[in-house]
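Summary of structural features
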Amino acid sequence: MNENPRLTRQTLEEQMLSPKASFSACTKGRQRIEPECDIRTCYQRDIDRIIHSKAFRRLKHKTQVFLRPEGDHYRTRLTHTLEVSRIGRTIARGLRLNEDLTEAIALGHDLGHTPFGHAGERALDEILQSDGGFKHSEQSLRITDRIEQGGNGLNLTYETRDGILCHTGSKKPETPEGSVVRIADRIAYVNHDLDDALRAGIIRETEVPEEILCALGSTNGERLNTLILDLITESEKTGEITLSPPIAFVLETFRDFMYKNVYLNMKAKSEELKVSGIINEIFRFYFRTPDELPDEYRRVSMQDGLKRAVSDYISGMTDKYAIHIYEKLFIPEAWQVR
């Protein structure tokens, strides 16, 4: 009988991947030891656990940039996650890194995002300021470690957990695959957010700086291709996961343009003024009446405190569900005359 598929895959990794890649046979392991799968490597199992999680399914109803946009083609957290995954895997393949680990990190990196995008994150961060604040990267790891599976978590590998936690912020990932996702995330969101902003009429194509279009390309596909190819070429040359200095400068210019003209644009963000009120009112209600929390979050409060449990509940809400809860708690129902 042939050896099991996992061992075959691990042998192929040794033969095909770069010496700098993260080999599944050399993982630092999981928080809780468990038997290996005969079919899947540890990173492939991480992918499956994330995809089958409740938090992953909720991403389809969470805002990317525009709050409750009218139209079928605007990005959500789910479509953003899938785009990061594909960009990340393309880069990993070009550099002969571990595509499975790259995909696992990409699929899990935004699980902790709040309803209403970064506006929701800012609202929860203010509420929890005296308790360490709120960061979606930390919440993504908290979901995979503590919240999913009835409080047991997904028991992901060390490398996937590190990549999820360090996909943003000052701390750098320990693996090259984590560094790939960190840059793929930025490549994805500036490009697809520009696409959405143009579709929404927030900005016009003529307003995009000429240096961005000349350096990266005039279409979404051209810009992605330029950035991905540059990252692969420069990383091979330097031995680090990095863009070339000129392209890195243009990408930062692109990001600054998006912040000034889209992310902080009042036409795009006009409804955000209401987000803080919705999140704060929901938080106050459950903090004052913790018995109204779902059972799983009451259990969390016993171990991690009520503030953290309420923020866990709220951060897991989709945009639609948060509005539904707000209406249920604070908007009077109409009288039914019979």
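Our subject is the structure that appears above.
A short tour of the structure in this document, coming up.

1. What about the environment of Phe56?
- Structurally, Phe56 is set in helix 3 (residues 54-58).
- Sequence spacing of Phe56 and Asp162 is 106 residues, and the spatial spacing of their C-alpha atoms is 18 Å.
- Excluding its chain neighbours within four sequence positions, the residues that come into contact with Phe56 are Ile50, Ile51, Leu78, Thr81, Leu82, Leu107 and Leu111.

2. Concerning the packing of aromatic side chains
- Throughout the structure, instances matching the rule amount to 8 aromatic pairs.
- Geometrically, the ring pair formed by Phe283 and Phe287 is stacked, given 5.8 Å between the ring centres and 15° between the ring planes. Of the two residues, Phe283 and Phe287 are both situated in helix 14 (residues 272-288); the distance of 4 residues between them amounts to about one turn of the helix.
- An angle of 85° between the planes, with centres 5.0 Å apart, marks the rings of Phe285 and Tyr286 as edge-to-face.
- On the basis of relative accessibility, which here comes to 23%, the residue Phe285 falls in the partly exposed class.

3. Notes on helix 11 (residues 220-238)
- For helix 11, which comprises 19 residues, the first-to-last C-alpha distance of 27 Å matches the rise-based estimate of 27 Å (1.5 Å per residue) to within 8%.
- For helix 11, the elements touching its buried residues are helix 4 (77-94), helix 9 (176-200), helix 10 (210-216) and helix 12 (245-263).
- Positive backbone phi, approximately 80°, marks Gly239, located one or two places after helix 11.

4. Considerations on the environment of Phe283
- With a relative accessible area of 6%, Phe283 lands in the buried category.
- Placed 30 residues apart in sequence, Phe283 and Tyr313 show a C-alpha to C-alpha distance of 9.2 Å.
- Phe283 has contacts with Ile127, Lys307, Val310, Ser311 and Ile314, leaving out every residue within four places of it along the chain.

5. Re the packing of helix 6 (residues 117-127) against helix 14
- Contact geometry for helix 6 and helix 14: axes closest at 9 Å, N-to-C directions at 45°. As the angle between them shows, helix 6 and helix 14 are arranged oblique. Between helix 6 and helix 14 the crossing geometry is right-handed. The segment helix 6 lies against helix 14, with Ala119, Gly120, Arg122, Ala123, Leu124 and Ile127 engaging Glu272, Val275, Ser276, Ile279, Asn280 and Phe283.
- A class-by-class count of the residues in the contact of helix 6 with helix 14 yields 7 nonpolar, 3 polar and 2 charged.

Conventions and cut-offs
Residues numbered from 1 in each chain as written. Predicted model: local features only at pLDDT ≥ 70, side-chain atom pairs only at ≥ 80, totals over all residues. Heavy atoms only, no water. Helix = DSSP H or I, 4+ residues; strand = E, 2+ residues; numbered from the N terminus. Contact = heavy atoms within 4.5 Å. Phe/Tyr/Trp six-rings, centres within 6.5 Å; stacked < 30°, edge-to-face > 60°. Buried < 20%, exposed > 50% of the residue type's maximum accessible area, 1.4 Å probe, protein only. Expected span 1.5 Å × (residues − 1). Axes fitted to C-alpha atoms, helices over the stretch in contact; angles between N-to-C directions. Parallel < 35°, antiparallel > 145°, perpendicular 65-115°, else oblique. Left-handed = near helix turned anticlockwise from the far one by under 90°. Nonpolar A, V, L, I, M, F, W, Y, C, P; charged D, E, K, R; others polar.

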